[in-house]
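Each chain is listed here by its residues.
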Amino acid sequence: MYALIDGNSFYASCERVFFFFLKHRPIVVLSNNDGCVITRTAEAKALGINMGTPYFQIKDTVNRYGIKVFSSNYELYGDLSARMMQTIESLVPAIEVYSIDECFADVSGMTDLSALGKQIRDRVLQWVGIPTCVGIAPTKTLAKFCNHLAKQHPVFKGVVNWSVWSADIQQRALKSQAVSEVWGIGYRISSALNDMGIE
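Throughout what follows, the structure given in this document is the object of discussion. (Residues numbered from 1 in each chain as written. Predicted model: local features only at pLDDT ≥ 70, side-chain atom pairs only at ≥ 80, totals over all residues. Heavy atoms only, no water.)

Let's shift gears to the pairing of strand S6 (residues 102-106). Extensive coverage of S6 is indicated by the burial of four of its five residues. Direction of pairing for strand S1 (residues 2-7) relative to S6: antiparallel, over a ladder of five bridges. Across the sheet, residue Leu4 finds its bridge partner in S6, namely Phe104. Judged from the five bridges that link them, strand S5 (residues 94-99) and S6 form a sheet pairing that is antiparallel. Opposite Glu96, over in S6, you have Phe104 as the bridge partner. (Buried < 20%, exposed > 50% of the residue type's maximum accessible area, 1.4 Å probe, protein only. Helix = DSSP H or I, 4+ residues; strand = E, 2+ residues; numbered from the N terminus. Pairing = 2+ DSSP bridges.)

Time to look at the pattern of salt bridges. Counted by the stated rule, this structure contains seven salt bridges. Notably, a salt bridge pairs Glu43 with Arg16, separated by 3.2 Å at the nearest N-O pair. Placement of the pair is Glu43 in helix H2 (residues 42-46) and Arg16 in helix H1 (residues 10-18), with a sequence separation of 27 residues. For Glu43, a relative accessible area of 27% corresponds to the partly exposed category. On the accessibility criterion, Arg16 (18% relative accessible area) is buried. Between Asp122 and Lys118 there is a salt bridge whose closest N-O contact spans 2.7 Å. Separated by four residues within a single helix, Asp122 and Lys118 lie in helix H5 (residues 113-127), roughly one turn from each other. (Salt bridge = Lys/Arg side-chain N within 4 Å of Asp/Glu carboxyl O.)

Written out as structure tokens, the structure is:
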């Protein structure tokens with residue numbers, strides 16, 4: 001069994017650790033040389049700001065809604081990433097770091113995985129200040145899928161455990177998402193699958 005733990009709006013969440021008064025304010029983080037948007041908080045997404053948008057195109061929106069804009073600070077993000085991974089490691093037998101803001105945890109043989117997922121979220125938030133979501137499943141692909149559902153639907157409170165769902169609910173969950181949401185399936189492959197009737 002695997003748990004995929006992913007930091008929510010990671011770069012922006014890192015900035016909020018040190019600027020806690022921005023907790024509910026929309027934030028965007030820009031790429032090198034402040035070229036385009038590479039991270040947005042939920043509040044910024046709600047204002048229609050898309051990933052990859054050049055900064056000059058959103059300046060009016062930034063001013064109109066008081067969006068806080070940060071230049072990238074990779075030293076800070078790397079430090080908080082290391083703290084996040086160490087915190088997760090304190091609760092599971094082993095982790096595999098996948099990117100700066102996410103890792104797979106081996107949770108094989110552990111009991112009450114839903115409670116473990118909540119414990120991981122709570123500890124990372126308390127010790128590091130980064131909000132996370134956790135997807136738990138028997139394969140890494142399904143764990144990524146469950147993590148996606150946990151981010152998308154607040155009703156799950158940040159944790160989705162595939163193994164506690166009935167086969168019917170699992171099928172409904174799979175049917176609720178486009179095939180392009182499956183890890184590793186990009187535009188070309190999803191288009192080819194759609195042509196074959198796989199949606």
